[in-house]
Amino acid sequence: MKGNSRIILMPRYMANFKCTGPGCEDNCCIGWRIEVDEETYKKYRRLRRPELAPLLEKAVTRNRSNPGPRRYAKIRLKPDGWCPFLTDERLCQLQLVLGEEYLCNTCYVYPRNFNEVNGVIEKSATLSCPEAAKLALLDPRVMEFDEVEEQLGRPQVIKSRLNTLDLKWSGRPQRYFWELRVFAVDLLQNRAYSLEDRLILLGMFCRKLAEYAESGRAREIPDLINTYNRLLDGGALRESLAGIPAQSTIQMKLLKELADQRFPLVVKNTRYLECFAQCLHGLQYTQEAGVEEIGERYAAAYADYYRPFMESHGYILEHYLVNHVFKNLFPFDFDRNTVFDSYIMLVVHYALIKLILIGMSAFHKGLEPELAVKLIYSFSRTVEHNTAYLNRVLDLLHAHRYDTMAWMAIMIRN
Ligand code: SF4
């Protein structure tokens, strides 16, 4: 292997990813916060380039609220939401004049996401980038993963590290991270079951896994996985799955309330606002309308438009979930306390996207892959990158005891 090249594990779509820059339909240098790492901030302060120094001085300022090496400073956006270093041709002035090495880690790495598991670097993309979203979501084939030799420019951009062989994981579920990941991805890609059933089955498994974790039975996890694989292969759980009823109105009402929690935190992405408005318009979600009435329209839109679309395009949400599982080191998402909390947040992402797509399908009297991608990337940009919102949603679900498998089934089943 050459210089600092490494073997990198990645979903196959990453091999084809290339930023479209000026041609991008929703440029990531516009409209959202840009955190600057300490090393780059100090590099800017040492810079003696009169053509850039005044702008760097003015536009790159220290983070006063809980700064850290990764978020030491920020780039203050212009009133129109543009990064002040973005030229009218939508090119980055810092990169043009100084070169890629003067980009801060946020700009250097986005939309890529790097983790390290047992010394192997893993690369995937956040689907808040429309280009990455198209590549990841629109291929009908099962998502594959490859090991590729690549240069790892900046090791400091690695977000999370997990060494399952570390002594601290002895007798803990983390020791079986790979077995659990393979089980979760295989289940989510098992097209012998509907995507709703796959998610419910994964929840039943995670519920059991959480019990094993809480009761010190982690060493029995391989047996638990084998048991579930036998049950899945034998179809033994199909009858109980069929018995889980749809509660569309309760689902719609709960998800709408959760979606509404995002707006007080200011939503800037116009594409997401368009999609959400179409959802409300499609369901005629007005103050005057009764929740039962809207619930009936929701169930009808699901049956008439959403389900027929997903019968031929179900891979779009399957890929979204598999990418989430890979990128977040599921079920040990780095910002969740328990494996079941990781599962709850997986369901919340899926269910909120489905709510809005069902409403949009009523508005458009059907769905197209492009519409689904527009919603999923703008949703990812508006929701996935907003830790405060996601934490608030999880706290609300815990506080109202909507954190059980029964409530997850309500959010999933239509
Ligand atoms: S959103 Fe993606 S494609 Fe668009 S400019 Fe950013 S990285 Fe490039």
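Criteria and cut-off values
Residues numbered from 1 in each chain as written. Predicted model: local features only at pLDDT ≥ 70, side-chain atom pairs only at ≥ 80, totals over all residues. Heavy atoms only, no water. Helix = DSSP H or I, 4+ residues; strand = E, 2+ residues; numbered from the N terminus. Rg over C-alpha atoms; globule rule 2.2 N^0.38 Å. Buried < 20%, exposed > 50% of the residue type's maximum accessible area, 1.4 Å probe, protein only. Contact = heavy atoms within 4.5 Å. Areas by Shrake-Rupley, 256 points an atom, 1.4 Å probe, with all protein chains shown as cover. Salt bridge = Lys/Arg side-chain N within 4 Å of Asp/Glu carboxyl O. Domains from an automatic or database assignment. Polar contact = N/O pair within 3.5 Å; in protein donor to acceptor, adjacent residues only side chain to side chain. Pairing = 2+ DSSP bridges. Phe/Tyr/Trp six-rings, centres within 6.5 Å; stacked < 30°, edge-to-face > 60°. Lys NZ or Arg CZ within 6 Å of the ring centre and 35° of its normal. Axes fitted to C-alpha atoms, helices over the stretch in contact; angles between N-to-C directions.

Counting secondary structure elements, the chain contains 17 helices and 8 strands. Computed over the C-alpha atoms, the radius of gyration of the chain is 22 Å, within 12% of the 22 Å expected from 2.2 N^0.38 for a compact globule of 414 residues. Here the chain, with 414 residues, has 53% of them falling under the buried criterion. In the chain, 77% of the contacts between residues at least 6 apart in sequence involve partners at least 24 apart. When the accessible surface of the chain is split by element, carbon and sulfur atoms take 52% of a total near 18900 Å².

Glancing now at the pattern of salt bridges. Counted according to the given criterion, the structure contains 25 salt bridges. Of the charged contacts in the structure, one is a salt bridge between D139 and R141, with a shortest N-O distance of 2.7 Å. Note on D139: relative accessible area 26%, which makes it partly exposed. Look at R141 and you get exposed, because its relative accessible area is 60%.

In this section: the domain arrangement of the chain. Assigned domains of the chain: these are domain 1 (5-160) and domain 2 (164-414). Relative to domain 2, the C-alpha centre of domain 1 lies at a distance of 28 Å. Counting residues at the interface gives 37 residues for domain 1 and 30 residues for domain 2. Across the domain 1-domain 2 interface, the total number found is 3 salt bridges. Summed over the shared surface of domain 1 and domain 2, the number is 17 residue pairs in polar contact (both at pLDDT 80 or more).

Strand β6 (residues 120-125) sits mainly inside the fold: 5 of its 6 residues count as buried. As paired elements, strand β1 (residues 5-11) and β6 share 2 bridges and run parallel to each other. Residue pairing in the sheet places L9 in a bridge with E122 of β6. Where strand β5 (residues 112-117) and β6 come together, 6 bridges link them in antiparallel fashion. Across the sheet, R112 pairs through a bridge with A125, a residue of β6.

Looking now at unusual backbone geometry. Looking along the chain, the bond that leaves Y110 and enters P111 is cis, with omega of 5°. Mapped onto the secondary structure, P111 falls in the loop between α4 (105-109) and β5. Cis geometry marks the peptide bond from F330 to P331, where omega comes out at 5°.

This part covers the packing of aromatic side chains. Scanning all chains against the criterion turns up 14 aromatic pairs. Centre to centre, the rings of F177 and W178 are 6.1 Å apart; their planes meet at 65°, and the pair counts as edge-to-face. For F177, a relative accessible area of 0% translates into the label buried. For W178, a relative accessible area of 34% corresponds to the partly exposed category. Ring centres of Y402 and W407 lie 4.3 Å apart, and the angle between their planes is 45°; on these two criteria the pair is classed as tilted. Classification of Y402 as partly exposed rests on a relative accessible area of 25%. Taken together, the aromatic side chains of F177, W178 and F332 make up a single cluster linked through ring pairs. Over the ring of W32 we find R381; its NZ or CZ atom is 4.9 Å from the centre of that ring.

Strand order in this open sheet of 3 strands is β2-β4-β3, and the pairing throughout is antiparallel. Unpaired on one side and paired on the other, β2 (34-36) and β3 (60-62) mark the two borders of the sheet. For this sheet the average axis-to-axis angle between neighbouring strands, irrespective of direction, equals 35°. Of the pairings in the sheet, the one linking β3 to strand β4 (residues 73-75) comprises 3 bridges and is antiparallel in character.

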